[in-house]
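Structure at a glance
Okay, here's what each chain looks like letter by letter:
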Amino acid sequence: MDGVRELLEAERRLALRRLAALTVDFDEVVEASRDSNADDEHDPEGATIAFERSQVAAIARQVRGHLAEVDAAIQRLEDGAYGICDRCGQPVAEARLAARPAARSCIRCASAAH
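All values derive from a computational prediction rather than experimental measurement.

Another aspect to go through is the state of the cysteines. By the definition in use, this model includes zero disulfides. Free cysteine: C88, not disulfide-bonded; nearest cysteine sulfur from C85 at 3.7 Å. Residue C88 is classed as partly exposed on the basis of its relative accessible area, which comes to 36%. You can see C109 has no disulfide; the closest cysteine sulfur is in C106, sitting 3.6 Å from it.

One side chain can pair with another of opposite charge once the charged atoms of both are near each other. Enumeration over the complete set of coordinates arrives at five salt bridges. A salt bridge links R5 to E9; the nearest nitrogen and oxygen atoms lie 3.4 Å apart. Taken together, the residues R5 and E9, both in helix α1 (residues 4–34) and four residues apart, mark about one turn of the helix. The class for R5 is partly exposed, based on a relative accessible area of 32%. Where R12 meets D71, a salt bridge forms, and the shortest distance between an N and an O atom there is 2.5 Å. A residue pair is termed long-range when its members are at least 10 positions apart, and R12 in helix α1 and D71 in helix α2 (residues 49–79) qualify at 59 residues. Several salt bridges converge on common partners, so that one network encompasses R5, E9 and E78.

Now for α2. Its 31 residues give α2 an end-to-end C-alpha distance of 45 Å, which sits within 8% of 45 Å, the value for a rise of 1.5 Å per residue. Among the residues of α2, those classed as buried are V56, A60, V63, L67, V70, A72, A73, I74 and R76. Phi turns positive, to about 80°, at G80, one or two residues after α2.

Summing up the model confidence of the chain, the mean pLDDT is 87 and the portion of residues at 70 or higher is 83%. Taken element by element, the chain is modelled with least confidence in α1, mean pLDDT 88, and with most confidence in helix α3 (residues 94–99), mean pLDDT 94.

Attention now goes to the side chain of R76. Along the chain, the position of R76 falls in helix α2. Of the side chains bearing the opposite charge, D86 lies closest to the buried R76, which forms no salt bridge; the N-O distance is 4.7 Å. Here the side chain of R76 touches A103 through a polar contact of 3.3 Å, landing on its backbone oxygen. Beyond its immediate chain neighbours, meaning those up to four positions away, R76 contacts A81, Y82, D86, A102, A103 and R104.

Right, let's talk about the nonpolar core for a bit. Looking at soluble globular proteins, one finds that nonpolar side chains tend to be buried together. L8, V70, A73, Y82, C85 and L97 are the most contacted members of the largest nonpolar core, which has 13 residues in total. Elements with a contribution of two residues or more to this core: α1 and α2. If you tally residues by element for this core, the top one is α2, at three residues. Contacts of V70, omitting those with residues within four sequence positions, involve L8, E11, R12 and A102. Grouped together as the second largest cluster of nonpolar side chains are seven residues, L22, V56, A60 and V63 included.

Conventions adopted
- Numbering of residues starts from 1 in every chain and runs along the sequence as written.
- Residues qualify for local features only when their pLDDT is at least 70, as the model is predicted, and side-chain atom pairs are given and counted only at 80 or more; totals for whole chains, interfaces and linings, by contrast, use all residues.
- Heavy atoms from the whole structure form the basis of all side-chain values; hydrogens and water molecules are not counted.
- Cysteine sulfur pairs qualify as disulfides if the two atoms are within 2.5 Å.
- Only protein chains enter the calculation, and the probe is 1.4 Å; a residue is then buried if its accessible area is under 20% of its type maximum, exposed if over 50%, and partly exposed in between.
- Take a side-chain nitrogen of Lys or Arg and a carboxyl oxygen of Asp or Glu: if they are within 4 Å of each other, that pair is a salt bridge.
- Each helix is a run of H or I in the DSSP string that is no shorter than four residues. Each strand is a run of E no shorter than two, and both are numbered from the N terminus.
- One less than the residue count of a helix, multiplied by 1.5 Å, gives the span that helix is expected to have.
- A residue's pLDDT is simply how confident the predictor is in it, with values from 0 to 100.
- When charges are counted, Lys and Arg contribute as positive and Asp and Glu as negative, whereas His and the chain ends are disregarded.
- Pairs of N or O atoms within 3.5 Å make up the polar contacts considered here, provided that, within protein, one atom can donate a hydrogen while the other can accept it, and that residues adjacent in sequence are counted only when both atoms are side-chain atoms.
- Should any heavy atoms of two residues lie within 4.5 Å, those residues are considered in contact.
- The criterion is simple. A nonpolar core is a set of buried Ala, Val, Leu, Ile, Met, Phe, Trp, Tyr and Cys residues joined through side-chain atoms within 4.5 Å.

Right under this line is the structure:
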């Protein structure tokens, strides 16, 4: 598991940068709506400002969720439980961890959950 902490920390930094950018995007959309007297609800030209706000907010929620997963993986690493499936207690395949470093479960358990 060499380099796992560095990989998780890099994922964390990337998520924080994305979240910061999304926050700026959200603030810009909100600010644009303040300066506009357009009929946001009935704009025939395309997406409404409300839709754009909602879209940015949804992506930010996803990034916050990913950040929480990465933080939990870092904690599991510190606790010595990283790479162990939360459900069955078996090792999580290295290929899965390489693809999803914050994975909590093995492929079998993840498939059964869906």
